[in-house]
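What the coordinates show
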Amino acid sequence: MGHGARWLRSLVAAAVVVSGLAVSGPARAETVTRTVFSDDFGASRGAGVDTAKWSGNTWNAWQDGNGRLVLDSYSAINTATAFSQSSGHASARIQAGYTDAAWEAFSVLSASGGAIAGRVDPLGDGGTHDGDFHTYAIDWTRSTFVWSVDGRQAQRLTPDAAGQPFRLAVNLGGGGRRSDGILVDSVTVTVKLTVVPPAAWTAFANYKVGDRVTYKGATWAVKEQHTALPGWQPGLVPQLFQKL
């Protein structure tokens with residue numbers, strides 16, 4: 001039997017002795033906001049869209065070198081991949097000219113790129129008629145999509161099929177009346193996730209392979225299941241922890 005194996009067996013034996021004192025040391029789950037999609041169109045003038053992020057009618061879409069995407073009346077684009085999270089928030093800063101509804105500038109499509117069937121309820125005026133930039137947002141859950149313009153709710157879509165993956169689309173309305181197209185300053189999608197942050201290393205806590213702990217300002221991954229004993233801190237026992 002090698003030295004490493006004998007050493008690990010001694011650890012296990014010691015853990016059994018103190019198992020009656022062991023504590024689980026669970027970390028408390030918390031909800032965090034994560035950005036899962038973002039594009040600020042920062043490429044050089046004349047560059048096309050990032051095809052890893054966008055698909056659709058992209059041939060007349062180009063970046064102006066000042067952090068904006070230019071879409072003509074025929075360039076409706078959608079995200080290259082679909083979103084399947086149960087809830088989230090999508091926002092886009094768009095200069096759309098004259099539009100009658102928020103969905104004309106910023107909208108949703110099915111995962112296959114088609115329209116999402118369902119009931120549409122107006123919640124307010126979603127049109128823009130001043131030629132300025134506005135913030136269009138879509139908040140979704142498994143059962144609804146709610147549009148807003150500059151924080152004012154405009155429309156709700158209740159899909160016939162709940163929880164279906166979807167793509168975001170820009171410029172479905174072709175830039176609106178009396179408009180040659182639109183400018184897009186940015187598009188961002190955020191979701192809320194429940195995560196368990198690493199807990200501080202604690203003597204007599206039970207640790208499983210893959211658990212994470214913090215110790216002296218660093219984060220460590222547990223390599224072997226064990227019950228921690230005094231003196232087995234991360235960094236002192238390389239067989240048990242790997243620094244991340």
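Scroll up a little and you will see the structure.
Each value, and the rule that gives it
- Residues numbered from 1 in each chain as written.
- Predicted model: local features only at pLDDT ≥ 70, side-chain atom pairs only at ≥ 80, totals over all residues.
- Heavy atoms only, no water.
- Buried < 20%, exposed > 50% of the residue type's maximum accessible area, 1.4 Å probe, protein only.
- Helix = DSSP H or I, 4+ residues; strand = E, 2+ residues; numbered from the N terminus.
- Pairing = 2+ DSSP bridges.
- Phe/Tyr/Trp six-rings, centres within 6.5 Å; stacked < 30°, edge-to-face > 60°.
- Contact = heavy atoms within 4.5 Å.
- Core = buried A, V, L, I, M, F, W, Y, C linked by side-chain atoms within 4.5 Å.

1. Some points on the pairing of strand β9 (residues 133–140)
Among the 8 residues of β9, 6 are classified as buried, and the element is accordingly described as predominantly covered. As paired strands, strand β6 (residues 88–95) and β9 are joined by 8 bridges and run antiparallel to one another. Paired with Gln95 across the bridge in β9 is Phe133. With 5 bridges joining them, β9 and strand β10 (residues 145–149) adopt antiparallel strand pairing. When the bridges of β10 are listed, Tyr136 appears paired with Val149.

2. Quick notes on the packing of aromatic side chains
Within the structure shown, the criterion is met by 9 aromatic pairs. Every member of this aromatic cluster is reached through a ring pair, and the members are Phe37, Phe41, Trp54, Phe83, Trp140, Phe145 and Phe166.

3. Section: the environment of Trp220
Within the secondary structure, Trp220 sits in strand β17 (residues 218–222). Separated by 19 residues in the primary sequence, Trp220 and Trp201 place their C-alpha atoms 9.2 Å from one another. If near-sequence neighbours (up to four positions away) are discounted, Trp220 is found in contact with Asp211, Arg212, Val213, Tyr215, Pro234, Gly235, Phe241, Gln242, Lys243 and Leu244.

4. Comments concerning the sheet that holds strand β14 (residues 199–200)
As summarised here, the arrangement of the 4 strands in space is β14-β16-β17-β19, forming an open sheet in which the pairing is mixed. Single-partner strands in this sheet number two, and they are β14 and β19 (241–243). Here β17 pairs with β19 via 3 bridges, running antiparallel. Note on β19: the bridge partner recorded for Val222 is Phe241.

5. Considerations on the nonpolar core
If you look at the biggest cluster of nonpolar residues, it comprises 34 residues, and the most contacted ones within it are Ile94, Phe106, Val108, Phe145, Leu168, Val170 and Val184. Top contributing element to this core by residue count: strand β13 (residues 181–195), with 5 residues. Among residues more than four places away in sequence, those in contact with Phe145 are Val108, Ile116, Ile138, Asp139, Trp140, Gln155, Arg156, Leu157, Pro159 and Phe166. Formed by 13 residues, the second largest nonpolar core is a distinct cluster that contains Trp201, Ala205, Ala218 and Ala228.

All quantities given are derived from atomic positions and should not be read as evidence of function.
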